[in-house]
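Chain by chain, the residues run as shown.
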Amino acid sequence: MRVGAFADGASLRRFMARGRPDLVILDVMMPGEDGLAVCRWLKSETDLPVVMLTAKGEEVDRVIGLEMGADDYVCKPFSPRELLARVRNLLRLTERHRQQGDATGGARRFHFSVGHSTPWSACSKPRTVFRIACRAASTSCCMRW
């Protein structure tokens with residue numbers, strides 16, 4: 001499994017034209033196209049699990065994120081251990097679903113997009129999220145910022 005990071009939705013879209021990750025973590029407040037639009041696009045084009053990781057934590061924001069297709073919604077500040085548990089759970093559920101119907105094979109990839117303009121709390125820095133993703137992937141990682 002590999003982990004990658006993208007600064008905005010356009011970078012993720014360019015990657016998606018060449019490869020397919022197993023899971024995507026999105027921030028609602030990304031530069032350019034917001035995370036909700038990217039989530040809606042991902043869900044219309046793929047069956048990828050999507051986790052929204054965002055500072056927008058009001059009930060209406062969480063409901064809209066889930067209605068746009070997010071499989072989970074985590075608010076900042078967040079617990080790195082909880083995010084890791086949620087990511088592992090979604091990957092486990094996705095793997096179970098694939099085993100039951102669709103054998104894709106190949107290397108697993110885990111990608112997330114964060115965006116540099118996002119206000120991060122002390123426990124939710126982009127590099128912390130990246131390290132969590134690497135731990136979920138149980139692999140070494142490289143970043144594209």
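Caption draft 1: Structural detail: the overall build of the protein. Within the protein, the secondary structure is distributed over five helices and five strands. Taken from the N to the C terminus, the helices and strands of the protein come in the order β-α-β-α-β-α-β-α-β-α. Here the protein holds 145 residues, and the buried ones make up 47% of them. Put simply, 67% of the contacts in the protein that link residues at least 6 apart link residues at least 24 apart. As presented, the protein carries roughly 7,400 Å² of accessible surface, and 50% of it is formed by carbon and sulfur atoms.

Caption draft 2: Spotlight on the packing of aromatic side chains. Overall, the coordinates contain one aromatic pair when judged by the stated rule. Aromatic side chains F6 and F15 sit 5.4 Å apart centroid to centroid with 35° between the ring planes, which places their arrangement in the tilted category. The lysine or arginine in question, R13, covers the ring of W41, its NZ or CZ lying 4.3 Å from the ring centre.

Caption draft 3: View of the confidence of the model for the protein. Residues at a pLDDT of 70 or more form 68% of the protein, whose mean pLDDT is 77. Here residues 139–145 scores under 50 on pLDDT; set against residues more than four positions off or in separate chains, the count is 20 contacts.

Caption draft 4: Quick look at the pairing of strand β3 (residues 50–54). Extensive coverage of β3 is indicated by the burial of five of its five residues. Of the two faces of β3, both are covered, the one formed by V50, M52 and T54 as well as the one formed by V51 and L53. Relative to β3, strand β2 (residues 23–26) runs parallel, the two being bridged by three bridges. If you follow V24 over to β3, its bridge partner there is V50. The parallel pair β2 and β3 is bridged by helix α2 (residues 35–45), and the resulting crossover is right-handed. Across four bridges, β3 lies against strand β4 (residues 72–75) in parallel orientation. The partner of T54 across the bridge, within β4, is C75. With helix α3 (residues 59–67) bridging β3 and its parallel neighbour β4, the resulting β-α-β unit is right-handed.

Caption draft 5: Up close: helix α1 (residues 9–16). Restricting attention to buried positions, one finds in α1 the residues G9, S11, L12, F15 and M16. For α1, the angular spread of the buried residues around the axis is 160°, confining them to a single face. Two or three places before A10, at the start of α1, stands the capping residue D8, its side-chain oxygen 3.3 Å from that residue's backbone nitrogen.

Caption draft 6: Representation of the pattern of salt bridges in the model. Under the definition given, this model contains six salt bridges. Across the pair R13 and E33 runs a salt bridge, and its minimum N-O distance is 2.7 Å. Of this pair, R13 sits in helix α1 while E33 sits in the loop between β2 and α2, and the two are 20 residues apart along the sequence. The exposure class of R13 is partly exposed, given its relative accessible area of 28%. E33 gets classed as partly exposed once you look at its relative accessible area, which sits at 30%. Put simply, D71 and K43 hold a salt bridge, and the shortest N to O gap is 2.7 Å.

Procedures and definitions
Residue positions are counted from 1 within each chain, in the order its sequence is given. Predicted model: local features are reported for residues with pLDDT of at least 70 only, side-chain atom pairs are reported and counted for 80 or more only, and whole-chain, interface and lining totals are derived from all residues. In computing side-chain properties, one takes all heavy atoms of the structure into account and sets aside hydrogens as well as water. Strands are runs of DSSP state E lasting at least 2 residues, helices are runs of H or I lasting at least 4, and numbering of each runs from the N terminus. Only protein chains enter the calculation, and the probe is 1.4 Å; a residue is then buried if its accessible area is under 20% of its type maximum, exposed if over 50%, and partly exposed in between. In this description, contact between two residues means that some pair of their heavy atoms is separated by no more than 4.5 Å. Calculation of accessible area relied on Shrake-Rupley with a 1.4 Å probe; when residues are assessed, cover is drawn exclusively from the protein chains displayed. For this analysis, a ring pair means two rings from Phe, Tyr or Trp (six-membered ring only for Trp) whose centres lie within 6.5 Å, classed as stacked if their planes differ by under 30 degrees, edge-to-face if by over 60, and tilted for the remaining angles. Only when the NZ atom of a Lys or the CZ atom of an Arg is both within 6 Å of the ring centre and within 35 degrees of the ring normal do we say a charge sits over the ring. What pLDDT expresses is the predictor's confidence in each residue, scored from 0 to 100. Strands pair, by our definition, only if DSSP identifies at least two bridges between them. Seen with its strands pointing away from the viewer, a crossover is right-handed when the path leading from the first strand over the helix to the second is clockwise. This arc is taken over the directions from the axis of the helix to the C-beta atoms. Counted as a polar contact is a pair of N or O atoms within 3.5 Å, where, for protein atoms, one must be capable of donating a hydrogen and the other of accepting one, and residues adjacent in sequence contribute only when both atoms are in side chains. Any Lys or Arg side-chain nitrogen found within 4 Å of a carboxyl oxygen on Asp or Glu counts as a salt bridge.

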